[in-house]
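Close look at the chain arrangement
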Amino acid sequence: MKGGQPFLSGASAPETGRRNNQGLEGVSITPDGKYLAALLQSATVQDSASGKDADQSRANTRLFVYDIGKTATPTAPVAEYVVQLPVFRNKGDGAAPDKTAAQSEILALSDHQFLVLARDGNGRGGGATRPAVYRSVLLVETAWATNIAGSAFETSTLPVAPEGVLNPGVTPARQTELVNLINPVQLARFGLNLDNAAPTPLTLPEKFEALALVPALDPKAPNDAFLFIGSDNDFQTATGIVGGIPFDAGIKAADGTSAGDNDNLVLVYRLTLPGWSPSVRK
């Protein structure tokens, strides 16, 4: 919103609502096909502190749940919850947090349990030499969270987290870390590394932005599933072709020479998820 009116342009920053380039980054349908979940990448403008050094205040983002079992185009959510994203120190030096780990994807396990991919922006293709600090898949549970759908927090610009501090009357979703993507011991098993200062084609890329879950089909472990986590390389290749026209968008070294492509990467984890079942939609 800007001036009290809907503001859909990215030419300048809105006064309330989603911030530029931080919209509904994660969208997922529940396995039964009845609900659509949509998660803002980070907190709305009114739920954050102002100023250039307030990035860590964007943690209280919003999860919207729509009933698509009755209509394919619902006009309002049946549920809205606050999800508190992790915060971290961008330099990885142990000082106070100064960044929010914005979410890049959501995957619905049910109408109240979700996987959420939250991460930093440090990695191959990002152009920074800072170390990878935070990249994890979170298990989020909304069963005990406050549903603010229909309240003034949803129907007006009333902040649910003024200056980034959650209203004490609102209970956020519960969450726990399920998968740590930057465990160096696990990555080394497959020849991957986290060396952003001297990256190679096997350095973990910056943008992991996809989640998919399939059953393991193991009779001895019926609750097991494979979680696929995929990266987006933003077409960073030195040998690209679009419409028959070649282009070079490969990674460049500090001296301007080619540092190769930023290949897409898919990490696969085997998980045990009691109670989860794959899609039963017809």
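It should be emphasised that the depicted structure is a prediction, and the values quoted were computed from it without experimental measurement.

**As for the overall build of the chain**
For the chain, the count of helices and strands is two helices and 15 strands. What you see for the chain is a C-alpha radius of gyration of 20 Å, in line with the 19 Å of a compact globule of 282 residues. With the C-alpha coordinates aligned to their principal axes, the bounding extent of the chain is approximately 55 × 55 × 45 Å. Residue burial in the chain is summarised as follows: out of 282 residues, 41% are buried. Partitioning the intrachain contacts of the chain with sequence separation of at least 6 by distance along the chain shows that 59% fall at a separation of at least 24. Looking at the chain as shown, the accessible area adds up to about 14400 Å², and 55% of this sits on carbon and sulfur atoms. With 23 positive and 28 negative side-chain charges, the chain shows a spacing of 1 Å between the two charge centroids.

**Re the nonpolar core**
Nonpolar side chains in soluble globular proteins tend to end up buried together. Counting residues in each nonpolar core, the largest one holds 22 residues, and the members touching the most others are Val-137, Leu-181, Leu-211, Leu-213, Leu-227 and Ile-229. Secondary-structure elements contributing two or more residues to this core are strand 8 (113-119), strand 11 (208-215), strand 12 (224-231) and strand 15 (266-272). Apart from residues no more than four positions distant in its own chain, Leu-211 is found in contact with Glu-105, Leu-107, Leu-115, Leu-117, Val-137, Leu-227, Phe-228 and Ile-229. Counting residues in hydrophobic clusters, the runner-up holds 19 residues, among them Tyr-134, Leu-138, Val-140 and Ala-173.

**Focus: the packing of aromatic side chains**
For the structure shown, the criterion picks out zero aromatic pairs. Between Arg-174 and the ring centre of Trp-144, over which it is positioned, the NZ or CZ distance is 4.3 Å.

**A short note on the sheet that holds strand 7 (residues 103-108)**
With antiparallel pairing, four strands are arranged side by side in an open sheet as 7-8-9-10. Edge positions in the sheet fall to strand 7 and strand 10 (174-180), since each of these pairs with one other strand and no more. Each neighbouring strand pair of the sheet contributes to a mean axis angle of 25 degrees, computed without reference to strand direction. Pairing of strand 9 (residues 135-141) with strand 10, which is carried by six bridges, proceeds in the antiparallel orientation. Looking at strand 10, one finds that Val-140 is bridged to Gln-175.

**A short note on the pattern of salt bridges**
Applying the stated criterion to the full structure yields twelve salt bridges. Taking the shortest distance from any N to any O, the salt bridge between Asp-67 and Lys-70 comes out at 4.0 Å. Judged by relative accessible area, Asp-67 falls into the buried class, the value being 14%. Bridged by salt links that share partners, the residues Asp-47, Arg-62 and Glu-80 form one connected network.

Procedures and definitions
Residues numbered from 1 in each chain as written. Predicted model: local features only at pLDDT ≥ 70, side-chain atom pairs only at ≥ 80, totals over all residues. Heavy atoms only, no water. Helix = DSSP H or I, 4+ residues; strand = E, 2+ residues; numbered from the N terminus. Rg over C-alpha atoms; globule rule 2.2 N^0.38 Å. Buried < 20%, exposed > 50% of the residue type's maximum accessible area, 1.4 Å probe, protein only. Contact = heavy atoms within 4.5 Å. Areas by Shrake-Rupley, 256 points an atom, 1.4 Å probe, with all protein chains shown as cover. Lys, Arg positive; Asp, Glu negative; His and termini not counted. Charge placed at Lys NZ, Arg CZ, Asp CG, Glu CD. Core = buried A, V, L, I, M, F, W, Y, C linked by side-chain atoms within 4.5 Å. Phe/Tyr/Trp six-rings, centres within 6.5 Å; stacked < 30°, edge-to-face > 60°. Lys NZ or Arg CZ within 6 Å of the ring centre and 35° of its normal. Pairing = 2+ DSSP bridges. Axes fitted to C-alpha atoms, helices over the stretch in contact; angles between N-to-C directions. Salt bridge = Lys/Arg side-chain N within 4 Å of Asp/Glu carboxyl O.

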